[in-house]
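Residue-level structural notes
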Amino acid sequence: MSKQQFTGEDRVRFRRQVGRGTEAIARMLADGLFTDQGRPPKPLLGMEVELNLVDEDMQPAMANAAVLEAIADPDYQTELGQFNIEINVSPRPFTTDDTISLEQALRTSLNRAEQRAAQTSSHLVMIGMLPTLKSEHFAHHWISANPRYDLLNEQIFAARGEDLEIDITGVPLTDGHHTEHLRTSTDSILPEAACTSLQLHLRVAPEDFASHWNAAQAIAGVQVALAGNSPFLAETALWHESRIPVFEQATDTRPLELKNQGVRPRVWFGERWINTIFDLFEENTRYFPALLPVCTDTDPLAELDDGRIPTLDELRLHNGTVYRWNRPVYDIHEGQAHLRVENRVLPAGPTVVDTMANAAFYYGVVRGLVESDRPLWSRMSFNAAAENLQSGARTGMESQLYWPDVGWVRPDELVLRRLLVLAEDGLQRFGVSDKARKRYLSVIEGRCISRQTGSVWQRQAVAARERAGESRTQALHGMLRDYVTQMHEGEPVHTWEV
């Protein structure tokens, strides 16, 4: 993908190919050509964890090329910013004690990677947003060397026609603090790289995709409220989960005039519950112009006519540039097509056990909702789910979320009263062992009882340091050093002391 210029003909051809790929999806659904059609697949847990790099002084380390060379593990890959890398966790069985085995394997892998990264004077940090990042770190030359990233940056700015602006009003650190406001502009999409996430994959039968996607959308606000870990950017106290507004603004191809017209953003929650995965791919085709119109010569409908499963390269590439918080995924494994829901709302960290607890809660609640007698989304407006995401991200445990049969409720109360039982039931249906269910759901319960998330701890730690006379810069660096220490110790964040 080193091609730097696209013609109008390229875009017309790409649009046609994406449209034919969407038709191919519809035909495959109608003809039962997905490997899991008619039977649910074996439960597998798959995840991607994005990581930040810091130097000895807790400053962003622009060193991912050197770090990846030192780690020398194909599970670790480059990311958009030179201060990012990512670990891809291969899908594992999601039954008995397999989740605990995965936790141990992930911890071992990260410890090994940290030891090797340290040889380059860099260190790994699992955190939703690196608090020592400043606007100066978003300069174009800090984009990773992969040509795809530079091309994506070029195409987004070509669509915008102007610099990118981040404009976010924060939430006061304490009752006595003033409201802070971040307003900065940049000539690159690197603010997107500030948003380091945990991405969870769930393979589903095609006929069950809509219910799983709807369930994931319904709980997005609860997820971010429970797991917020991104309160600071550019030395400014923003939201509890600032990744949500930063990512929405950092990948926005719309100038102000198109926003005013109501043109849909590429970072998108959506606008309706769905009936089939086809609804989402059709929306991609109808609403979003190509960012990277790279075409093959393969006709997906002709592939179907010849009895082959199409790879749908254009559809998959286009889908990868529509940044839904819950994204549909079409993939091929051993010559067979399958579908996944990719959950993208969660931040990374703070610890491995917190990460596993966030994953277990998500998988358990989704399964519980999908198999409930009456679908939650038949009793809840889509707008309520969208508003819950914004509210949970902005004020975390202090947010008021709407939930059917409950009304407006704080997330900790909702989880303790309703969702922990649902998650327990869902994990049991997956076949997760009593030991694993207790381990991870007790972390979620502890977070709700203490009302301490990663974001709450970070905000309180910075406020305490400032009261002791430190500047914001000193407080952020000192807090991050303490965060890294406790991240390595591995105790869940709700037990951390300020």
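Look above for the structure.
Quick summary incoming for the structure in this document. (Residues numbered from 1 in each chain as written. Predicted model: local features only at pLDDT ≥ 70, side-chain atom pairs only at ≥ 80, totals over all residues. Heavy atoms only, no water.)

So, the overall build of the protein chain
To keep it simple, the criterion reads: Each helix corresponds to a stretch of at least 4 residues labelled H or I by DSSP, and each strand to a stretch of at least 2 residues labelled E; elements are numbered beginning at the N terminus. Radius of gyration means the value over C-alpha atoms here, while the globule rule gives 2.2 Å times the residue count to the 0.38 power. Burial status follows relative accessibility: with a 1.4 Å probe on protein chains alone, a residue under 20% of its type maximum counts as buried, one over 50% as exposed, and anything between as partly exposed. All accessibility values rest on the Shrake-Rupley procedure with a 1.4 Å probe; residue burial counts only the protein chains present in the view. Counted as positive: Lys and Arg. Counted as negative: Asp and Glu. His and the chain ends are not counted at all. Where a charge sits is defined by one atom per residue type, namely NZ (Lys), CZ (Arg), CG (Asp) or CD (Glu).
Along its length, the protein chain carries 17 helices and 15 strands. A compact globule built from 498 residues should have a C-alpha radius of gyration of about 23 Å, and the protein chain, at 22 Å, falls within 12% of that. Considering only C-alpha atoms, the protein chain reaches an extent of 70 × 50 × 45 Å along its principal axes. Counting only residues that meet the buried cut, the protein chain has 59% of its 498 residues in that class. Carbon and sulfur atoms make up 46% of the accessible area of the protein chain, which totals about 19,300 Å². Counting 50 positive and 69 negative side-chain charges, the protein chain places the centres of these two groups 3 Å from one another.

Re the side chain of Thr184
Cut-off, in case you're wondering: Pairs of N or O atoms are called polar contacts if they sit within 3.5 Å, as long as, within protein, a hydrogen donor faces a hydrogen acceptor (for residues adjacent in sequence, only side-chain-to-side-chain pairs). Working rule for contacts: check all heavy atoms of both residues, and any pair within 4.5 Å makes them a contact.
Position of Thr184 relative to the elements: it lies in strand β6 (residues 181-186). Polar side-chain contacts of Thr184 include one of 3.2 Å to the side chain of Ser135. In this structure, Thr184 is in contact with Ser135, Leu164, Glu165 and Ile166, ignoring residues within four places of it in sequence.

Comments concerning the packing of aromatic side chains
Let me state the cut-off plainly: Note on aromatic pairs: the rings of Phe, Tyr and Trp (six-membered ring only in Trp) are paired at centre separations within 6.5 Å, and the planes decide the class, stacked below 30 degrees, edge-to-face beyond 60, tilted for the rest. Placement of a positive charge over a ring is assigned whenever Lys NZ or Arg CZ falls within 6 Å of the ring centre and within 35 degrees of the normal to the ring plane.
According to the stated counting rule, one finds 15 aromatic pairs in the structure shown. For the ring pair Trp213 and Phe382, a centre distance of 6.5 Å and an interplane angle of 15 degrees mean the geometry is stacked. Separated by 169 residues along the polypeptide, Trp213 in helix α5 (residues 209-218) and Phe382 in helix α13 (residues 382-395) bring together distant segments of the chain. Take Trp213 and Phe382: they sit in the same class, and that class is buried. Here Phe269 and Phe382 contribute two aromatic rings whose centre-to-centre distance is 5.2 Å and whose plane-to-plane angle is 45 degrees, an arrangement assigned as tilted. Placement of Phe269 in the loop between β10 (267-268) and α9 (277-287) and of Phe382 in helix α13 is noted, with a sequence separation of 113 residues between them. Looking at Arg264, its charged tip hangs above the ring of Tyr287, at a distance of 3.6 Å from the centre. Cation over ring: Arg367 sits above Phe430, and NZ or CZ is 4.6 Å from the ring centre.

Focus: the packing of α5 against helix α12 (residues 352-370)
Counted only if it meets this: For helices, the fitted line uses only the C-alpha atoms of the stretch in contact; every axis is such a line through C-alpha atoms, and the angle between N-to-C directions lies from 0 to 180 degrees. Small angles under 35 degrees read as roughly parallel and large ones over 145 as roughly antiparallel, with 65 to 115 read as roughly perpendicular and the rest as oblique. When the near helix sits turned anticlockwise from the far one by under a right angle, the crossing is termed left-handed; a clockwise turn instead gives a right-handed crossing. Three classes are used: nonpolar for Ala, Val, Leu, Ile, Met, Phe, Trp, Tyr, Cys and Pro, charged for Asp, Glu, Lys and Arg, and polar for all others, with Gly counted as polar.
Relative to each other, α5 and α12 sit at 125 degrees, their axes nearing to 9 Å. Classified by the angle their axes make, α5 and α12 are oblique. Of the two elements, α5 crosses α12, and the hand of that crossing is right-handed. Residues Ser211, His212, Ala215 and Ala216 of α5 lie in contact with α12, whose contacting residues are Tyr362, Val366, Leu369 and Val370. When its residues are assigned to classes, the contact of α5 with α12 shows 6 nonpolar, 2 polar and no charged.

Brief notes about the nonpolar core
The condition that has to hold: Side-chain atoms within 4.5 Å are what join buried Ala, Val, Leu, Ile, Met, Phe, Trp, Tyr and Cys residues into a set we call a nonpolar core.
Of all hydrophobic cores here, the largest spans 160 residues; its most connected members are Met47 and Leu233. If you tally residues by element for this core, the top one is α12, at 12 residues. Not counting residues within four places of it along the chain, the set of residues in contact with Leu233 comprises Met129, Leu133, Phe138, Leu182, Ala194, Leu238 and Val246.

Here we look at the pattern of salt bridges
What counts is decided by this rule: A pair is scored as a salt bridge if a Lys or Arg side-chain nitrogen falls within 4 Å of a carboxyl oxygen belonging to Asp or Glu.
Across all of its chains, the model carries 37 salt bridges by this definition. Here Glu283 makes a salt bridge to Arg324, at a shortest N to O gap of 3.1 Å. One end of the pair, Glu283, is in helix α9; the other, Arg324, is in strand β11 (residues 323-324), with 41 residues separating them in the sequence. A salt bridge links Arg340 to Asp331; the shortest N-O distance between them is 2.9 Å. Overlapping salt bridges, with partners in common, bring together Glu398, Arg410, Asp412, Glu413 and Arg451 in one network.

Side note on the environment of Glu162
Within the fold, Glu162 resides in the loop between α4 (147-160) and β5 (164-169). Considering only alpha carbons, one finds Glu162 and Gly407, 245 residues apart in sequence, at a separation of 43 Å. Excluding residues within four positions of it along the chain, Glu162 makes contact with Phe157 and Pro255.

Here's the deal with the environment of Leu200
Locating Leu200 in the fold gives a position in strand β7 (residues 197-204). Once the C-alpha coordinates of Leu200 and Glu9 are considered, the two residues, 191 residues apart in sequence, prove to be 37 Å apart. Beyond its immediate sequence surroundings of up to four residues, Leu200 is in contact with Gly46, Met47, Val341, Glu342, Asn343, Leu346, Ala359, Tyr362 and Tyr363.

Points about the pairing of β5
The cut-off we apply is this: Pairing between two strands is assigned when DSSP locates at least 2 bridges connecting them.
The side-chain alternation of β5 yields one buried face, formed by Leu164, Ile166 and Ile168, and one unburied face, formed by Glu165, Asp167 and Thr169. As paired strands, β5 and β6 are joined by 6 bridges and run antiparallel to one another. From the neighbouring strand, Asp167 faces β6, where its bridge partner is Arg183.

Section: α5
Along α5, 10 of the 10 residues are buried, which leaves the element largely enclosed by surrounding structure. Among all positions in α5, only Phe209, Ala210, Ser211, His212, Trp213, Asn214, Ala215, Ala216, Gln217 and Ala218 are buried.

Re helix α16 (residues 454-467)
Basically, it comes down to this: What a helix is expected to span follows from its residue count: subtract one and scale by 1.5 Å.
Here α16 is 14 residues long and its end C-alpha atoms lie 20 Å apart, about the 20 Å a rise of 1.5 Å per residue gives. Residues of α16 that are buried: Gly454, Ser455, Val456, Trp457, Gln458, Arg459, Ala461, Val462 and Ala463. At the C-terminal side of α16, Gly469 shows a positive phi close to 105 degrees.

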